[in-house]
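Residues per chain are reported as follows:
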Amino acid sequence: MNTLIQLARNESGSSSPLDSSILSLRIFSLHKCIFDKETKIFIHFLVVIGYSGGGCQEECFYKINGSNFEKSTIQISTSAGDSFYQFSFKNQNIVELETEMSQFDRQIQGEFIESINKYLLYDDGIGYFFFDNRNPNVNSGFLKTGKFPIRILKNLKNVYWPFSTHW
Amino acid sequence: MITIDFNSFGSEQDELKESCIEFIQDILGPSEKVTILKDDENDPESSFSVYINYSKFTLNNFSFYDELMDFARENELYVILYDHNTKSRKGYWYGEEDDWIEQEMDNNAIYPK
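Residues numbered from 1 in each chain as written. Chains lettered and ligands numbered in written order. Predicted model: local features only at pLDDT ≥ 70, side-chain atom pairs only at ≥ 80, totals over all residues.

Novice: Tell me what's going on with the overall build of chain B, and back it up with residues and numbers.
Specialist: From N to C terminus, chain B includes 2 helices and 6 strands. Secondary structure elements of chain B occur, N-terminal to C-terminal, as β-α-β-β-α-β-β-β. In summary, chain B has a C-alpha radius of gyration of 13 Å against a globular reference of 13 Å for 113 residues, a match within 12%. The C-alpha extent of chain B, read off along each of the three principal axes, is 35 × 30 × 30 Å. Here chain B, with 113 residues, has 25% of them falling under the buried criterion. (Helix = DSSP H or I, 4+ residues; strand = E, 2+ residues; numbered from the N terminus. Rg over C-alpha atoms; globule rule 2.2 N^0.38 Å. Buried ≥ 20, exposed ≤ 12 C-beta atoms within 10 Å, placed from the backbone.)

Here you go:
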């Protein structure tokens, strides 16, 4: 699983030099791309899961058409509804990939809970996550726990997040 | 003239080799030449590289870097573009830096013309 976690600091900032507390985080948990032979472009899919204080969890899919992320259109789908999501075209490959990712999404949530314990501690009482900011995997507001295309992330960093968390 | 170098393929990755050549010709059009070179010609199990030549491109006028990077990343391959005129190359080394790296080469660079 390729995972990157975007850390959103709480309003008071770091609590000590040794660790930091965060209210919410966004996990870029899966990236896949396929080449569409008809249009001759790559289509990228990403599953993104957002956690906010109190254990609230939301998730959405990003679909990016094309390889140039500065010019590509980005479509967003939420599990609550598809109002953001309108395919301009669909072929069998894309339909299959969507199904696969939907199933995989449920799987990675389980895997995430296990792997994230190595990096983050969640305090139920105050609804905050804690992480060790000396961890070399923490860089520029991201916690990298696996292989993930940084180039894509740079462009997704500021992409509209459809849920009401602190982004 | 540039040579696009994909490496490296395991001896059992013929299908990936074919899809690589097909992908390149799909987006860039027919190439002048495709060369397959084994790392060890005496070893039937040797890994190999694919070299695809285009005379119409230079490193500067090539406009498909993003697509090549996506293909290389998705298939876990390294891809290098070598410009025979300027003797320089740009490479995307999957799994290392998620960006193109340009290098000047000496006269001994072996990329088939």
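This is not the end of the story, as more comes after the structure.
Novice: Tell me about the interface of chain A and chain B, residues and numbers included.
Specialist: Taken together, the 11 residues of chain A in the interface contact 11 residues of chain B. If you list the elements that add at least two residues to the side of chain A that touches chain B, you get strand 2 (19-36) and helix 2 (150-156) of chain A. Partitioned by chemical class, the residues of the side of chain A that touches chain B number 5 nonpolar, 2 polar and 4 charged. (Contact = placed C-beta atoms within 7 Å. Nonpolar A, V, L, I, M, F, W, Y, C, P; charged D, E, K, R; others polar.)

Novice: So, the sheet that holds strand 5 (residues 88-93) of chain B: which residues are in play, and what are the values?
Specialist: Residue and element names in this part refer to chain B. Pairing is antiparallel across the open sheet formed by 6 strands, whose spatial order is 2-3-1-4-5-6. Either end of the sheet is taken by a strand with one partner, and the two such strands are strand 2 (33-38) and strand 6 (101-104). Averaged over all pairs of adjacent strands, the angle between their axes in this sheet comes to 20 degrees, without regard to strand direction. Bridging between strand 1 (residues 2-9) and strand 3 (residues 48-54) involves 6 bridges; their strand directions are antiparallel. Bridge assignment links Phe6 to a residue of strand 3, and that residue is Val50. Packing of helix 1 (residues 14-28) onto the sheet brings it into contact with strand 1, strand 2 and strand 3, and relative to strand 3 it is tilted by some 15 degrees. (Pairing = 2+ DSSP bridges. Axes fitted to C-alpha atoms, helices over the stretch in contact; angles between N-to-C directions.)

Novice: Can you explain unusual backbone geometry? Please cite residues and give values.
Specialist: The omega torsion across B:Asn7 and B:Ser8 is -5 degrees, close enough to zero to call that bond cis. Position of B:Ser8 relative to the elements: it lies in strand 1. The phi torsion at A:Lys40 lies on the positive side, around 60 degrees, for a residue other than glycine. Here A:Lys40 lies in the loop between strand 2 and strand 3 (41-52). We note that B:Glu76 has phi near 55 degrees; this positive angle belongs to a residue other than glycine. Within the fold, B:Glu76 resides in the loop between helix 2 (65-75) and strand 4 (78-83). The class of B:Glu76 is exposed, set by 10 C-beta atoms lying within 10 Å.

The analysis is restricted to geometry; functional conclusions fall outside its scope.
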